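This is what each chain is made of:
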Amino acid sequence: RRARTKCGSAAADLYFTREGLEQATRPEVADLHAARLRAAGVTRVVDLGCGIGSDALAFVRAGLQVLAVDSDPDTAAVARSNLGENAEVRCADAGEVVTGLGPEDAVWLDPARRNDRGRLWRVEDFTPAWSLVTDLLAGGRVVGVKLGPALPHSLVPDEVEAEWVSHRGEVVEATLWAGAGSRPGLWSALVVPGHRLEVPAAERRRADPLPVRGPGAYLYEPDGAVIRAGGVRLLGAELGAGVLDPHIAYLTADELWPTPYAVAFEVLEVLPYDRKRLRRWVAEHGVGTLEIKKRGLVLDPAELRRRLAPRGPASATLLVSRTSQGTQVIVGRRVPAPS
């Protein structure tokens, strides 16, 4: 039942483990990985750390030959059941498999980022070892490495392409690409199904920040992938927007420009951050459905919502942010996403 949320109708035909489901790639995203490998001229891919086989299944759908490898016998058995006769599945150590690769073999690598105690945050604790990841990225072959979206920028090698992927409004992964088809030094935000904001190294080094200004007629909340890829300044320039604070990723402008890279809100009112006044505002406007977003503050939206005691038929969105004029609350109306 939990897998249906992530994998849709395909979940009915697959086996899962708890850890495998946590790390499984969503089918739409996995199909993009496979399409990219095909575009790079790949015919055979070795999936190291294949888990339950979510990416390997996409590679098979794309017509690629697949060797799926996992070091855990139970996980490898699940992958073998999911892939059937469509791919070779091997229970083996990734390092040993790498030594036998042919020069034309592409590698897809999804290091295990969980253990029996929960999520792992340090790359030194990943399996296979981080040194194997960096060696593969520098080895000249086509390589894709799936990592968590919070990957520190300092760990992205200069000679690879980095891609942060957003799916249904959630940043789901950071992917490093090397070899044919990759563009070294390029970072990008990929908003599924196919919107890509490219952020070259020269853009990330620019010293001219966006202007700091008060709330305009519209407020934009950039997609998390845009933020992680360092594309807020670029997006703001395209929208003719400024920022509320130099260190806060809310953009604001007086004109509306629909974009797939941000959620837009029409600014209805600007209030000071005063809980008593906010509670009075919520009561006066009969707000019962209250969405609270925040940036740059130590604030629990759920706790603030409880204190504001929303009751009534109306709905509202409050965006609480640090600004150049102190903490402000922007009452916004969500603008429908562009088709």
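Just above, that's the structure.
Residues numbered from 1 in each chain as written. Predicted model: local features only at pLDDT ≥ 70, side-chain atom pairs only at ≥ 80, totals over all residues. Heavy atoms only, no water.

**Q** I'm lost on the environment of Val243 in this one. Help?
**A** Mapped onto the elements, Val243 comes out in strand S13 (residues 242–243). As a C-alpha pair, Val243 and Val331 span 88 residues in sequence and 17 Å in three-dimensional space. Not counting the four nearest positions on each side in its chain, Val243 is found in contact with Leu210, Pro211, Val212, Arg213, Ile248, Tyr250 and Leu251. (Helix = DSSP H or I, 4+ residues; strand = E, 2+ residues; numbered from the N terminus. Contact = heavy atoms within 4.5 Å.)

**Q** Would you take a moment to explain the packing of helix H11 (residues 275–284) against helix H12 (residues 301–308) for this structure?
**A** Each pair of packed helices can be described by the angle between their axes along with the distance between the axes. For the pair H11 and H12, the least separation of the axes is 9 Å and the interaxial angle reads 65°. Where H11 approaches H12, its residues Arg275, Leu278, Arg279 and Val282 are matched on the opposing element by Leu304, Arg307 and Leu308. (Axes fitted to C-alpha atoms, helices over the stretch in contact; angles between N-to-C directions.)

**Q** Which parts of the structure should I look at to understand the sheet that holds strand S1 (residues 44–48)?
**A** Hydrogen bonding along the main chain pairs the strands of a sheet, whether they run parallel or antiparallel. The strand order across the open sheet formed by nine strands is S3-S2-S1-S4-S7-S9-S8-S10-S11, and the pairing between neighbours is mixed. Looking at strand neighbours, the two that pair on one side only are strand S3 (88–91) and strand S11 (195–199), the edges of this open sheet. Each strand of the sheet is rotated relative to its neighbour by a mean of 20°, with strand direction disregarded. Examined bridge by bridge, S1 and strand S2 (residues 65–70) share five bridges and lie parallel to one another. Residue Val45 lies in a different strand from S2, and its bridge partner there is Val66. (Pairing = 2+ DSSP bridges.)

**Q** Explain the packing of aromatic side chains here, please?
**A** Geometry of an aromatic ring pair is reported as the spacing of the ring centres plus the angle between the planes. Counted according to the given criterion, the structure contains three aromatic pairs. Ring geometry for Trp108 and Trp177: centres 5.7 Å apart, planes at 45°, overall tilted. Residue Trp108 is found in strand S4 (residues 106–109), and its partner Trp177 is found in strand S9 (residues 170–178); the two are separated by 69 residues along the sequence. Per residue, the accessibility class of Trp108 equals that of Trp177, and both read buried. An aromatic cluster of at least three residues, connected via ring pairs, comprises Phe59, Trp108 and Trp177. The cationic tip of Arg204 hangs over the ring face of Trp187; the distance from NZ or CZ to the ring centre is 3.8 Å. Directly above the aromatic system of Tyr250 lies the positively charged group of Arg295, at a separation of 4.9 Å from the ring centroid. (Phe/Tyr/Trp six-rings, centres within 6.5 Å; stacked < 30°, edge-to-face > 60°. Buried < 20%, exposed > 50% of the residue type's maximum accessible area, 1.4 Å probe, protein only. Lys NZ or Arg CZ within 6 Å of the ring centre and 35° of its normal.)

**Q** Explain the sheet that holds strand S15 (residues 262–272) here, please?
**A** Sheet architecture is open: seven strands sit in the order S13-S14-S12-S15-S18-S17-S16, paired in mixed fashion. Unpaired on one side and paired on the other, S13 and strand S16 (287–295) mark the two borders of the sheet. By the bridge criterion, seven bridges tie S15 to strand S18 (residues 326–334) in an arrangement that is antiparallel. In the strand pairing of S18, Glu269 is matched with Val331. With respect to the sheet, H11 is in contact with S15, S16, strand S17 (314–323) and S18, its orientation differing from that of S15 by roughly 110°. The strands touched by H12 are S16 and S17; relative to S16, the strand with the most contacts, the crossing angle is about 145°.

**Q** Can you walk me through the pattern of salt bridges in this structure?
**A** Pairing of side chains with opposite charge becomes possible as their charged atoms draw close. Applying the stated criterion across every chain yields a total of 23 salt bridges. Asp105 is the partner of Arg44 in a salt bridge, and the nearest nitrogen-oxygen pair spans 3.0 Å. Taken together, the positions of Arg44 in strand S1 and Asp105 in the loop between helix H6 (94–98) and S4 put the pair 61 residues apart, joining distant regions of the chain. For Asp105, a relative accessible area of 10% puts it in the buried group. A salt bridge links Asp208 to Arg206; the nearest nitrogen and oxygen atoms lie 2.6 Å apart. Its relative accessible area of 35% is what places Asp208 among the partly exposed residues. One connected set of salt bridges, linked through shared partners, spans Arg36, Glu161, Glu163, Arg183, Arg196 and Glu198. (Salt bridge = Lys/Arg side-chain N within 4 Å of Asp/Glu carboxyl O.)

Worth remembering: the numbers are spatial, not functional.
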